[in-house]
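# Per-entry structural report
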Amino acid sequence: MSRIKIPEDEDHPDIPDGVHFKNSLKEFQKLVEKIVAQKREERQGLYTKDGEEMDYDKFCAAVQELFGPEVKPQDVKTFYRKISNNPDGRTEWCELFGYFIVEGDALAAQLDEENMVFLVSKKQRITKAGVKRRDVIKCMVKISQLDFLVTASQKGTLTIFTSQMRVMTTTSIPDSPWINGCDYLYQLKRVVAVTERTIIVWDYKSQGSILDTCFIIKPMEHCLLCICSVYHPTELLVKDDILMGDDGGHVNLFTLTSDDFGLKQTKSKKKAQIQVLDSKKFRHVKRKLHDDWVVKVKYIPALNCFVSCSLDSVHSLVLDDLKRLEDNLPVRDFSVPRGVNAFTYCAKANIIVTGGEDKVLRLWHPNINTKPVGKLMGHLFSIMEIVTNEKDQHIISLSTGKIFRVWDIHTLSLMQIFHDTQAGPRDAQIFTMVFDNNHGILITGSAVIDIYPLTRMIQDTKQVPQTHERNINVLLYNKPFHQVLTICAESIVRIWELESGQLIYQIEDAHGPGVELTCAAIDKNGFHLATGACDGTVKTWDFGSGQQLKALPVSKESSDNEHWLIQMTYLKASESRHVILVLEHSGTIKIVQSNEGEPNLCITWSLPEALSLALQGNPLMPLRLSPITRKANGFFPDVQLLPEKDPVEADMENPLPPEAKVKCFDVLRVEGYNLLATASANGAIIMWDFESAIARHIFKAGQAVETDGSDVLGINMLLFLYRSALSVRQLSQSSTYSSEPQSDETPTQDTEGDSSNLSIKREGVKNEPSIAANTPAVSQELTKLPDSPNLENKGLLNVLEAGVEQKHIPVLASAHEDGCIYLWTIKGDLLREILPFTKHPPIPLTALCTDISAKMLFAANKENKRVTIKQSSLVKTSSVVHEAGEGAEGHVIRWNIGSFLEDPLDTNKNVKQQLCWRAHSTKIVNLFYDEERGLVVTASTDASVRLWHGLSGHYIGYFGQRRLFELSESTDIILPCDVNDLPFTIKDDSKYMEKKQKFEYPLVLDREKWKLLTRSALALKKPGVLEVEQDFKFFKALASPKIHKYPLESFKSGNKDIGIVFGSIPIYRVPQPTNLLGLPGLGW
């Protein structure tokens, strides 16, 4: 074992305050030895907790006290986890600063192609690059503001490429000398190029031949070798300044205005050649700055300076203001042996990088010209081009041997080496190179154009995201440690870092070979993990090390899928006690727990089945709560239903229909609430209120979904929404993150050592059975809810009479198969009905999540099957068929529910949809939201777990990719390869956010008259003209028409898009019917 070694020699002169640093290392060594000893005793079961226990928080605070804030918490967490998992492993103090020991073949990992910066195997070549035979591209300029590329060939061909590298326009200058450089004039909107003695200005937007769109400025005193334009974004005058370098060592400043190119010959006069302008008529300033050829010149807007380089060893690089060209004041120059061939500027690092014949890259600070701040060596040939990747802070250098080298600016380390292997004899030399920061590609020019994409761009846009080999079953979030847990259908458990996406560890065959894991839960402190499998087994784990703690063995009496676990949540987790609430496939909810000294987990409590009693006329069922006889769990007592009506004897062979089984649940235990909500596949919700000792049957009347021949209004997930300024919101989210609902210090009942009945508040329960027995109509009204919110019903008044403040009323959200979200009170009153807008028909919702403060609500959907929604009314029953098309699945929708939860009973408080984006091409299994970083993580059956920006819906990456996550918001919108739709937002004034209007229909269809227009009736007898006109009255009055005492409201006076006639016609809004009934025969 190798531990931290502290050198005993004298302090190194390059380390500032070396004595203090050495003392800190010694203290750190003692700290590590203490933790290692503690972890060893914990593994052997010999450690007893005391006040000197060193946990992660104490360790992190001690490390930051020793080394200061320079130590990143992520590195400290990784170091602590490494010791916890393997106390006998090798650690070094440098790992605290991000320099970790690499195990295995580091060279093989470095040479892995997918770890490279550029993916050379995905190189694209454009052979028809707008050049003539035996011609080469001499210069390329990327215009980021317009997102196109300007190229100039040696024999006079100018070409503009779009962002997709397609030729937008091109021209060829006849009888021109060799072109040495080109650029773009931002004010005049023209392309400028230089030859040996002339300046060419090309108006690429004008129509006509080359004789009409080009101007030539000549003569020039010296041979021009390079050119660049001076970018003035705030310049109001229509003029451009250009800088040119020549073979005499001069830097020329040329001013071009719109008046210089405004006078053209009339079209009637035939031109014989390109119009030539005299160079003496232009404003021209030059100054000799070098003793050799000026090979490159650029203008840097960030520094407001120009930069020129030469092969001169004394004045190799000149960096100064443009005013220095007009006077004789000294300039700031840099000396490099054998001169400078190329240079680049990195704005973020404020560094100028130079390279030349001496094969060395030098990094200079713009204000220090005496000595470079760094050197990069490794090229074997002369350096001819240098470009910068600003986003990744990389330098790409090219030598005359066509060898590319990628360097990291901050660490001065070599990232990648590659060379052009497809070059033929004609492509022997690369003359120019640019990096496109907008699209992340490196472009080189020779006889062809080669495009080298960044590896991360290919991984994001080309490669199919894949986190596991099989479908994702479980997605959980360990909030205290910012880690993500995923489980696939192959029962492989993987733990990931949220910030970086790195894999921490994985567990294979957690419940044995061939046993599929179906659910899991993490306790609120993040130290323990519970997993459930298809055979009904439950296991608890140490989350940090992945070691198994206890297990619930397989039941001997279980049959196939009887004890299949589909959901679980942690109620309590400690070193001595675990309490887990689980839901089986049979619909039974149980508590699995273990106490100190017990080797295995055991089942200690189960919830009775209540839906069948509710369907037999018991919407309100009082509960008899008694102490647990087997083993106290500290959360729920033994429950016995007290129905008002005697239950009908059930068939033992089919005790409960499959669609009536419990499908999901959620728990809320805060501020006097002890609630357990369960939902079934038939749309029924049972609200178990253990404080009031009553169970309520909640369902949405008047609507059902027909799937596979049975009427089912399926509920896929329940979620309590609760906001309070006095307490922390604690939710049980079975698939996002599971937390302990209530601390042990304030239990709602005392179950240990007391066999008497519990003292539970029953004030609001005494009258409810009598209401159910004597006034069944009232009880039916309380449970069978109307289609639209009715804030005057008695259920909401009961909430107010109970003395509960409106802003602290819990709200239950249910996600349904019909694509809607219903918001309920705990009394069973429907508050809101939310239908997501996704540009597609309603799609079944699969997952819900919120942030801690419950200001935002997120939902996800799955692929849609053929769903028939039956809408019943007093007059007629009709059906509407919804079938989603391609691209209708895998959406994430975000709503703003902050104002609504402040007062859910206020009808003016709306739930506003803000954002929607498509995240996957298949069903989304689950999602969660991290409010600290504003990130959304989604898991799908396509075996991928993806990361998104929660506020914009922009794609970041997927867990399992080679590169680390870049959490900073980027202006570039990158989409996965299987997603083509961009995120769209809905503004407050959007037409989709308008309130639904209520309609009143005083008419009913007269079917006898409607038959006269059917095909069968018309085939028998062809009616006359008068008969048809008289028979067009298909409706008869159901009520007398109402005369409006006030005119209809006009909400739009005109629309310019419609036209001058129809655009001036006012549009009136009329009441909207609650049920739009289709006409028979038309398939409505």
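Everything here concerns the structure above.
The following refers to the structure shown. The residue numbers shown here count from 1 along each chain, following its written sequence. Reporting of local features is limited, given that this is a predicted model, to residues whose pLDDT is at least 70; pairs of side-chain atoms are given and counted only at 80 or more, and all residues count toward the totals for whole chains, interfaces and linings. The side-chain values count all of the structure's non-hydrogen atoms but skip hydrogen atoms and water molecules.

### Let's talk about the sheet that holds strand E40 (residues 589-594)
One open sheet accounts for four strands, arranged E38-E39-E40-E41; its pairing is antiparallel. The sheet terminates laterally at strand E38 (565-573) and strand E41 (602-606), the two strands that pair on one side only. The sheet shows a mean angle of 30 degrees between the axes of neighbouring strands, taken without regard to direction. Strands are labelled as partners when DSSP assigns at least two bridges between them. A run of H or I in DSSP counts as a helix once it spans at least four residues, and a run of E counts as a strand once it spans at least two, with each numbered from the N terminus. Helix axes are fitted to C-alpha atoms over the stretch in contact, other axes to C-alpha atoms as well, and angles between N-to-C directions run from 0 to 180 degrees.

### Quick notes on the pattern of salt bridges
In what follows, salt bridge is the name for a side-chain nitrogen of Lys or Arg lying within 4 Å of a carboxyl oxygen of Asp or Glu. Enumeration according to the criterion identifies 21 salt bridges in this entry. Among the salt bridges present, the one from Lys142 reaches Asp436, with a minimum N-O distance of 3.3 Å. One end of the pair, Lys142, is in strand E2 (residues 137-143); the other, Asp436, is in strand E27 (residues 432-436), with 294 residues separating them in the sequence. Asp436 shares its class with Lys142; the two are buried. Residue Arg933 pairs with Glu499 through a salt bridge whose shortest N-O separation is 2.6 Å. Burial classes: relative accessible area under 20% of the type maximum marks a residue as buried, over 50% as exposed, and values in between as partly exposed (1.4 Å probe, protein chains only).

### Regarding the nonpolar core
Residues belong to one nonpolar core when they are buried, are Ala, Val, Leu, Ile, Met, Phe, Trp, Tyr or Cys, and are joined through side-chain atoms within 4.5 Å. With 59 residues, the main nonpolar core has Phe118, Leu442, Ile821 and Leu823 as its most contacted residues. Ranked by the residues each element gives to this core, the list is headed by strand E56 (residues 856-861), at five residues. Contacts: residue pairs with any heavy atoms within 4.5 Å of one another. Aside from chain neighbours lying at most four places away, what touches Phe118 is Ile396, Val406, Gln416, Phe418, Phe435, Leu442, Tyr452, Pro453, Leu454 and Thr455. Counting residues in hydrophobic clusters, the runner-up holds 30 residues, among them Leu613, Leu623, Leu625 and Val639.

### Here we look at the side chain of Gln961
In this structure, Gln961 sits in the loop between strand E64 (955-958) and strand E65 (984-985). Counted as a polar contact is a pair of N or O atoms within 3.5 Å, where, for protein atoms, one must be capable of donating a hydrogen and the other of accepting one, and residues adjacent in sequence contribute only when both atoms are in side chains. A distance of 3.3 Å separates the side chain of Gln961 from the backbone nitrogen of Tyr958, its partner in a polar contact.

### Let's talk about the environment of Leu812
By the secondary structure assignment, Leu812 is in strand E52 (residues 811-816). For Leu812, a relative accessible area of 0% translates into the label buried. Separated by 92 residues in the primary sequence, Leu812 and Phe720 place their C-alpha atoms 4.5 Å from one another. With residues up to four places along the chain from it excluded, the contact list for Leu812 reads Ala677, Ile685, Met687, Leu718, Leu719, Phe720, Tyr822, Leu823 and Trp824.

### With respect to the sheet that holds strand E63 (residues 945-949)
In space, the four strands of this open sheet follow the order E61-E62-E63-E64, with antiparallel pairing throughout. Both outer strands of the open sheet, strand E61 (924-930) and E64, are each paired with one neighbouring strand and no more. Direction aside, neighbouring strands of the sheet carry axes that sit 20 degrees apart on average. As paired elements, E61 and strand E62 (residues 935-940) share six bridges and run antiparallel to each other. From the neighbouring strand, Ile924 faces E62, where its bridge partner is Ser940.

### So, helix H2 (residues 56-67)
Here H2 spans 16 Å end to end across twelve residues, near enough to the 16 Å set by a 1.5 Å rise per residue. All of the buried residues along H2 are Tyr56, Phe59, Cys60, Val63 and Phe67. Looking down the long axis of H2, one finds its buried residues gathered within 95 degrees of arc, a one-sided arrangement. Those residues of H2 that are exposed and angled more than 90 degrees off the buried face are Asp57 and Glu65. One or two steps after H2, the chain reaches Gly68, where phi turns positive at roughly 85 degrees. In this analysis, the expected span of each helix is defined as 1.5 Å times one less than the number of residues it contains. The arc in question is the one traced by the directions running from the helix axis out to the C-beta atoms.

### Topic: the pairing of strand E32 (residues 492-497)
With six of its six residues buried, E32 lies for the most part within the structure. As judged from the five bridges shared by strand E31 (residues 483-488) and E32, these two strands associate in the antiparallel manner. What sits directly across from Ile487, in E32, is Val493. Where E32 meets strand E33 (residues 503-508), five bridges bridge the pair, whose relative direction is antiparallel. Note that in E33 the partner of Val493 across the bridge is Ile507. Between E32 and E33, which pair antiparallel one after the other, the connecting turn spans five residues, and Gly501 there sits at a positive phi close to 85 degrees.

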